[in-house]
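Spelled out, the chains give:
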Amino acid sequence: MLEYMYLWICVLLFIPWSIIYLLKPNLRNRMIKSGLIAAPFGVIDDIWFRLDYWNAPEILFKYPIALEDILFAFVTTGIAISIYDAIFTKEQLIFYKKKTKVTLSFFPIIIVCFILLNNVLGLNSMYMWAIPIFIIAVIIIFFRKDLLIPSLVTAILLTLIVIPIYMLLFNVFAPNFWDTYWFLADTKHGITIFGNVALLELLYYFSYGCLAGIIYDYTKGTKKIPNKLGKKLFGS
């Protein structure tokens, strides 16, 4: 059972992904395109994760290219880039200049940060991941103050989606997973909450939600126009 856990994370994440996709036709194109763009990076960053974070079995193809990595990047990106708008946004209107070239520059910058933080400074790959993702999100918010709430709310929602999935998988079906495949078990970084939910896993989702939840509007120059629920909770 342990060898299927990474795949099951992907499968269960497809449930909220599918709900958004079915209920919000206006977000479908964005979800597909962003997921396809992110998919190769699921393979790239997992190269670092396999060295010092975990060694989860991948049954669909073999390291360094595994279908689980591709599916995971696809589905998490699709959720993160759409969930705020699915719940709180009426429409998105162009208010700013497009930042396509700037967004494209983020990709090599992130890779360089990975190398500096992990290979040069020796930080664990999970921190290597979270630090540049957080920093880029903060930079975007500095120039687009209107994206602060969407960033934080997306991060919180993505994390809340993941917690029950992890509780089910790692408390019920595979309680020994982290002890078996997690390099940080029994270290000061190996903190778990809600039973066997690794806290650093939640850091991954929270940091990614902060960036992915606002990258579309920043790139396209759009402003989120809230629906009734969005206005009630966050104002106009």
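In this text the structure is predicted, and so the values were computed from the model without any measurement.

Participant: Got a minute to help me understand unusual backbone geometry in this structure?
Facilitator: Of all residues except glycine, most have a negative phi; of all peptide bonds, most are trans. Phi is positive for Asp186, which is not a glycine, with a value near 65°. Relative to the helices and strands, Asp186 resides in the loop between helix H8 (177–181) and strand S4 (192–193). You will see that Phe194, though not glycine, has its phi angle at about 50°, which is positive. Among the secondary structure elements, Phe194 is positioned in the loop between S4 and strand S5 (197–198). Looking at Phe194, the relative accessible area reads 47%, which means it is partly exposed.

Participant: Would you explain helix H5 (residues 100–120) in this entry?
Facilitator: The end-to-end C-alpha distance of H5, which contains 21 residues, comes to 30 Å, matching closely the 30 Å that a straight helix rising 1.5 Å per residue would cover. Looking only at H5, the buried set comprises Thr103, Phe106, Ile110, Phe114, Leu117 and Asn118. Where the residues of H5 are buried, they touch helix H2 (28–52), helix H6 (125–143) and helix H9 (199–220).

Participant: What is the right way to read the layout of surface pockets from this model?
Facilitator: One water molecule sets the probe size; rolling that probe over the atoms shows where empty space is left. By volume, the largest pocket amounts to about 850 Å³. Forming the boundary of the largest pocket are 32 residues, of which Ser34, Ile37, Ile81, Phe107 and Ile215 lie nearest the centre. Where the lining of the largest pocket is concerned, the elements lending two or more residues are H2, helix H3 (67–80), H5, H6 and H9. No other element matches H2, which puts nine residues into the lining of the largest pocket. Tallied by class, residues from the lining of the largest pocket come to 19 nonpolar, nine polar and four charged. Size it by volume and the second largest pocket reaches roughly 210 Å³. Taken together, 15 residues make up the lining of the second largest pocket; nearest its centre are Tyr84, Asp146, Lys224, Gly235 and Ser236.

Participant: What should I look at first to understand the packing of helix H1 (residues 5–23) against helix H7 (residues 148–173) in this one?
Facilitator: When two helices pack together, their arrangement is given by the angle between the helix axes and by the axis-to-axis distance. For the pair H1 and H7, the least separation of the axes is 10 Å and the interaxial angle reads 145°. The handedness of the crossing between H1 and H7 is right-handed. Residues Met5, Trp8, Ile9, Leu12, Leu13 and Pro16 of H1 form the contact with H7, whose participating residues are Ile161, Val162, Ile165, Tyr166, Leu168, Leu169, Phe170 and Phe173. For the contact of H1 with H7, the class distribution of residues is 14 nonpolar, no polar and no charged.

Participant: For this particular structure, what's the right way to read the pairing of strand S6 (residues 222–226)?
Facilitator: Regular strands place side chains that alternate from one sheet face to the opposite one. Alternating residues of S6 divide into Thr222, Lys224 and Pro226, all buried, and Lys223 and Ile225, none buried. Of the pairings in the sheet, the one linking strand S3 (residues 89–94) to S6 comprises five bridges and is antiparallel in character. Across the sheet, Ile94 pairs through a bridge with Thr222, a residue of S6.

Participant: Explanation requested: the packing of H2 against H5 in the structure shown.
Facilitator: Contact geometry of H2 with H5 gives a least axis separation of 12 Å together with a crossing angle of 5°. Judged on the interaxial angle alone, H5 and H2 are roughly parallel. Contacts between H2 and H5 involve Ile37, Phe41, Ile44, Asp45, Trp48 and Asp52 on the former and, on the latter, Phe107, Ile111, Phe114, Ile115, Asn118 and Asn119. Of the residues that constitute the contact of H2 with H5, the class distribution is eight nonpolar, two polar and two charged.

Parameters at a glance
- Residues numbered from 1 in each chain as written.
- Predicted model: local features only at pLDDT ≥ 70, side-chain atom pairs only at ≥ 80, totals over all residues.
- Heavy atoms only, no water.
- Helix = DSSP H or I, 4+ residues; strand = E, 2+ residues; numbered from the N terminus.
- Buried < 20%, exposed > 50% of the residue type's maximum accessible area, 1.4 Å probe, protein only.
- Expected span 1.5 Å × (residues − 1).
- Contact = heavy atoms within 4.5 Å.
- 1 Å grid on protein atoms, 1.4 Å probe; cavity = no way out; pocket = protein on both sides within 12 Å on 5 of 7 lines; lining within 4 Å.
- Points joined across faces, edges and corners; volume = space filled by probe spheres on them.
- Nonpolar A, V, L, I, M, F, W, Y, C, P; charged D, E, K, R; others polar.
- Axes fitted to C-alpha atoms, helices over the stretch in contact; angles between N-to-C directions.
- Left-handed = near helix turned anticlockwise from the far one by under 90°.
- Pairing = 2+ DSSP bridges.
- Parallel < 35°, antiparallel > 145°, perpendicular 65-115°, else oblique.

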